[in-house]
Structure formats: C-alpha cells, structure tokens
Amino acid sequence: MLVAEELRQLLEPAQLAGLDVTWIPATAPTPKGEWVALVPLLTRWVGGTEFKHLPKLRIVANVAVGYDNVDLVAAEMRTVIVTNTPDVLTEATADLTWALILACARRLVEGVDLVRSGAWAGWHPEQLLGMELRGRTLGLFGAGRIGQAVGRRALAFGMRIVYTARTAKPEFERETGAVRVDRSRLFAESDVLSLHAPSTPDTKGVIGPETLARLKRGAILINTSRGDLVREESLAAALEAGTLGAAGLDVYMEEPAVHPRLLAAPRTVLLPHIGSATVETRRKMAAIALANVQSVLSGGPPLTPVYSLVP
Ligand code: GLV
C-alpha cells in the first residue's frame, strides 16, 4: 500500500501490522503499480489518471474529513472504496473556528502587531475597539458535525444562531435555539458568518460580490471549510472598502498560495490550514485511515466510507 510519508510519526507500529507500506512524500507524484490501498493527504489529487495507474487499487483512505481531492465518480466507476476521517476532528476544528471568531472580533492580530512594533503609546479608551459578541447573531453556512460544534460553543458567548443546511437539525435546534433559515436570511442576519459546508458545485464561490454585498456592514466572515467557497479577490475588495469588518481564514483557493490582494487586505486573520491540527486529532485521523485500510484488506467493510458501493 501507498501511505503519505508525513503520517509516519503519527502512527504506531501496531497500526501498520501486516501491511506492506511504501511511503510517498506529498511532493512526489502518485506512482504507477500494483498497490491495493492509497492513504493520501488532502493535498494529493486522486483522479482518473491515478486510478488508471493503480489497477489493483481497492481503497483510498483520505486523511481528512473533506474529500474534494478525490474524483469520486472515477473511484466509483472503478469500484474503489473511498473513506474519510469524520468525527475525530470535529471538536479541534470547532475550537480553531472560535479562535478565528475571537481573533477577528477583538482584533488580536492588530493588537499583537501594535505591541511588537514598539509604537503602542499606552491604554486609550478608543484603541482597537472590536465587536461585542454577546447578543449578536452567528450564522452557520452548513450545520453538519463541525457547524453544530461551532454553534454549541456560541451559547457560552451569548450569541443567537441561524443556520442553513440541506436538512433540518431538530436536536441542534433544541440544544442551542438555532433557527434554520434560507441563504438570503442567513446573509442578511449574520454578524459573524462561518462557513461549514463541503466544496461542491453548489457551494463553490458562494461568497462572492453578490453575497458580500448582502452582509451587514462590519460583519465578520470565517472560513475553516474549503477555500474555494470564497472568491478571494471579492473578499479582499470588501475588506479594503471596509464594508466587511474582518475575515478569519484557515483555507484558501490555491493552497499554499494566498491571493496577494488578500494578503495585503486589512483586518484579516490568516492561518495555514490548521483546523484539525492538534496532536490527538492528527493521530486519530491517521489511525482511522489505517483502520479503514486494515478492515477492507482483510475482507471487512470500510469503517467511514464516503459512499456505499452497490455490489
Ligand atoms: C481538513 O481540511 C479536512 O478536511 O480534514
């Protein structure tokens, strides 16, 4: 099997027991050969060419909850199982989302820069005034596992929650008082709009000039999902114009590149795709990927498949 080299330190020998592993670094192209399993990072595209070059492949165990780096149509046509790593990263990613919300609302980066610059002249009643979260509305674009975990944390900050989702989440609503709305209400009512949807044809570019124009003046946009939900140039323009209050981003269109206009824009908190980056979570993600491979290669079902193969 082919396993991303970068996972080596996160795995225990027992998790690799009985497996014949070839390690591939993220920078190397996917090789051709007789491998039966592939454990890629989310940075590796696995599409038609890769499936053609791996004729014996039975499973792609993606080390991420998102799987937009895998061509599912090509995989399904070849009856290759695809798995992801749900659940284990929910809380870590929700925590990081809140780190971004708080950093944006309370202007953390500007504060750190001011102190480091040596230009801080002391306490001033109007210095770096931010947004008080209590009483404000958190809008969740997507309320799956991560969106809901972000919403549950909002209770402690006294925020009201609105959300969009393909299906209603009655338990989440009971627990948090969240209200399901349509997209236009979500955009119009959110003081903090946080994106928690996968990248699909329906969500790609959803945050563009039209949606940004519908947001409240001074609203905060947070994205810990996938970069291509946001049109970065339009986002930069909204920040430059001051219509958007701040943007906290962990993901980008063309990672690791960040749009130069966004890099230069004011009021941004830009992180390097570290939503799930805790020791515990990254170990669990690697473990689940390997457990999926172990199960499938020993004739069992995948533990966390992203679709079910019809036999
Ligand atoms: C990370 O972005 C993931 O999808 O797990």
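Computed from a predicted model, the values in this text were never measured in an experiment.

(A) Representation of the overall build of the chain within the structure. Of the regular secondary structure elements, the chain holds 11 helices and 12 strands. For the chain, the C-alpha radius of gyration of 21 Å lies close to 19 Å, the compact-globule estimate for 311 residues. Its C-alpha atoms give the chain principal-axis dimensions of about 65 × 45 × 35 Å. Scored against the burial criterion, the 311 residues of the chain give a buried share of 40%.

(B) Structural context of the site of the ligand. Around the ligand, the neighbouring residues are Leu42, Ala64, Val65, Gly66, Leu89, Gly275 and Ser276. Per-class residue counts for the shell around the ligand are four nonpolar, three polar and no charged.

(C) Representation of the environment of Ala64. Looking at where Ala64 falls in the secondary structure, it is placed in the loop between strand 4 (59-61) and helix 2 (72-77). Since 20 C-beta atoms lie within 10 Å of it, Ala64 is described here as buried. Along the primary structure Ala64 and Thr83 are separated by 19 residues, whereas in three dimensions their C-alpha atoms are 9.0 Å apart. With near-sequence residues (within four places) excluded, Ala64 lies in contact with Leu42, Asn84 and Thr85.

(D) Representation of the domain arrangement of the chain in the model. Domain assignment breaks the chain into domain 1 (2-86 + 278-297) and domain 2 (90-270). Each of domain 1 and domain 2 has a C-alpha centre, and these two points are 31 Å apart.

(E) Region of the structure containing the environment of Asp87. You can see Asp87 is positioned in the loop between strand 5 (81-83) and helix 3 (90-105). Judged by C-beta crowding, with 12 C-beta atoms within 10 Å, Asp87 ranks as exposed. The spacing of Asp87 and Gly147 is 60 residues in sequence and 12 Å in space, taken between C-alpha atoms.

(F) Expanded view of the sheet that holds strand 5. Reading across from one edge, 2-1-3-4-5 is the order of the five strands in this open sheet, with parallel pairing throughout. A strand with exactly one partner marks an edge of an open sheet, and here the two such strands are strand 2 (22-24) and strand 5. Taking the axes of each pair of neighbouring strands and ignoring which way they run, one obtains an average angle of 15 degrees across the sheet. Strand direction decides the pairing type here: strand 4 and strand 5, joined by three bridges, are parallel.

(G) View of the environment of Arg283. Topologically, Arg283 is positioned in helix 11 (residues 279-297). Arg283 sits in the partly exposed class, given 17 other C-beta atoms within 10 Å. Residues Arg283 and Val88, 195 residues apart in the sequence, show an inter-C-alpha distance of 9.5 Å.

(H) Seen up close, unusual backbone geometry. In this model, Glu255 is joined to Pro256 through a cis peptide bond whose omega is 5 degrees. Take Pro256: it is sitting in the loop between strand 11 (244-249) and helix 10 (260-264). The phi angle at Arg107 is positive, at roughly 55 degrees, despite the residue not being glycine. The residue Arg107 is located in the loop between helix 3 and helix 4 (108-117) in this model. The exposure class assigned to Arg107 is buried, which follows from the 20 C-beta atoms found within 10 Å. You will see that His273, though not glycine, has its phi angle at about 50 degrees, which is positive. Following the sequence through the fold, His273 ends up in the loop between strand 12 (268-270) and helix 11. His273 gets classed as partly exposed once you count the C-beta atoms within 10 Å, which come to 17.

(I) Quick look at helix 5 (residues 145-154). The buried fraction of helix 5 amounts to seven of the 10 residues, a majority that puts the element mostly inside the structure. All of the buried residues along helix 5 are Ile146, Gly147, Gln148, Ala149, Val150, Gly151 and Ala154. The inward-facing, buried residues of helix 5 abut helix 3, strand 6 (137-141), strand 7 (160-164), helix 6 (170-176) and strand 9 (192-195).

(J) Seen up close, the packing of helix 3 against helix 5. Following both chains from N to C, one finds helix 3 and helix 5 inclined at 55 degrees, their axes separated by 9 Å at the closest point. Classified by the interaxial angle, the pair formed by helix 3 and helix 5 is oblique. For helix 3 against helix 5, the interelement crossing comes out right-handed. Residues Thr90, Glu91, Thr93, Ala94, Thr97 and Trp98 of helix 3 touch helix 5, and the partners they reach there are Arg145, Ile146, Ala149, Val150 and Arg153. Looking at side-chain class alone, the contact of helix 3 with helix 5 contains five nonpolar, three polar and three charged residues.

(K) Just the sheet that holds strand 7, in detail. Strand order in the open sheet formed by seven strands is 8-7-6-9-10-11-12, and the pairing between neighbours is parallel. Of all strands in the sheet, those bounded by a partner on one side alone are strand 8 (179-180) and strand 12. With four bridges joining them, strand 9 and strand 10 (residues 219-223) adopt parallel strand pairing. Paired with Ser194 across the strands is Ile222, a residue of strand 10. Running over the sheet, helix 3 touches strand 9, strand 10, strand 11 and strand 12 and is turned about 150 degrees from strand 10.

Calculation notes
- Residues numbered from 1 in each chain as written.
- Predicted model: local features only at pLDDT ≥ 70, side-chain atom pairs only at ≥ 80, totals over all residues.
- Helix = DSSP H or I, 4+ residues; strand = E, 2+ residues; numbered from the N terminus.
- Rg over C-alpha atoms; globule rule 2.2 N^0.38 Å.
- Buried ≥ 20, exposed ≤ 12 C-beta atoms within 10 Å, placed from the backbone.
- Near = placed C-beta within 6 Å.
- Nonpolar A, V, L, I, M, F, W, Y, C, P; charged D, E, K, R; others polar.
- Contact = placed C-beta atoms within 7 Å.
- Domains from an automatic or database assignment.
- Pairing = 2+ DSSP bridges.
- Axes fitted to C-alpha atoms, helices over the stretch in contact; angles between N-to-C directions.
- Parallel < 35°, antiparallel > 145°, perpendicular 65-115°, else oblique.
- Left-handed = near helix turned anticlockwise from the far one by under 90°.

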